[in-house]
Amino acid sequence: VSTQSTWVNRRHHLSWYSDYLKHQFELDPPPTPDACTDDLGAHEWLNDPQTKVALNIDFQAPVWDMCTKKITYSVDFTKGSYWLYPTLLKDGYKFLIVSGDIDGAVPTIGTLRWLKKLRKDYGIQPESDWLPWYTSGDRDKEQQVGGFRIKIGKNITLATMKGSGHMVPLWKPKESYQLLSDFIQTTGASPI
């Protein structure tokens, strides 16, 4: 079953269910997510004037939209973004790649496969074994395993996020914030 036909079926079902609710209970239907993805939080945040100032986004730039039709480009899904990493690594950029451990769209095994190819093609060796990373719990000084991480070369860290699907920050916002903050603040001695 193609992704397109799956979304058509879901939209048909949601449409039928919405009509049913309206007719039976005189209720407005629940909001229907865009077939691309539910991006309400990202849309609001990226179009907020304070965010634009903080990210140095020109106020003349068009409104940000996750599923815009205004940009036309072609995508070679067999290559993805693989081609970009060698150039960025050569220029010294650091990467935190986060993979939800229950992600059905891009499972961790798929991420491991392209990282293995990157390592093989460019002679990059792991710099650590898989180690747990921790999140602070709800109570002071309580820590929970947030997932596992491995450092690949000097500039790539792959971290898994326990209990998260594809859109990690939507599934685990607190843990995602902590992981990203730790990564940004890393000086080399940090566990990330």
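Residues numbered from 1 in each chain as written. Predicted model: local features only at pLDDT ≥ 70, side-chain atom pairs only at ≥ 80, totals over all residues. Heavy atoms only, no water.

## Some remarks on the sheet that holds strand β1 (residues 95–100)
Moving on, step 1. With mixed pairing, the four strands of this open sheet are ordered in space as β1-β4-β3-β2. If you trace the sheet from one side to the other, it starts and ends with β1 and β2 (131–136), each paired once. Ignoring which end each strand starts from, the neighbouring axes of this sheet average 30° apart.
Moving on, step 2. Pairing geometry for β1 and strand β4 (residues 156–161), over six bridges, is parallel. Of the residues in β4, the one forming a bridge with Leu 96 is Thr 157. (Pairing = 2+ DSSP bridges. Helix = DSSP H or I, 4+ residues; strand = E, 2+ residues; numbered from the N terminus. Axes fitted to C-alpha atoms, helices over the stretch in contact; angles between N-to-C directions.)

## Quick word on helix α5 (residues 108–122)
Moving on, step 1. Taking 1.5 Å as the rise per residue, α5 with 15 residues should run 21 Å; its terminal C-alpha atoms sit 21 Å apart, in good agreement.
Moving on, step 2. Within α5, burial applies to Thr 108, Thr 111, Leu 115 and Leu 118. Down the axis of α5, the sector holding all buried residues measures 85°, keeping them to one side. Turned more than 90 degrees away from the buried face of α5 sit Arg 113, Lys 116 and Lys 120, all of them exposed.
Moving on, step 3. Elements that come into contact with the buried residues of α5 comprise α4 (84–90), β1, β3 (143–152) and β4.
Moving on, step 4. Of the residues trailing α5, Gly 123 is marked for its positive phi of about 65°. (Expected span 1.5 Å × (residues − 1). Buried < 20%, exposed > 50% of the residue type's maximum accessible area, 1.4 Å probe, protein only. Arc of directions from axis to C-beta. Contact = heavy atoms within 4.5 Å.)

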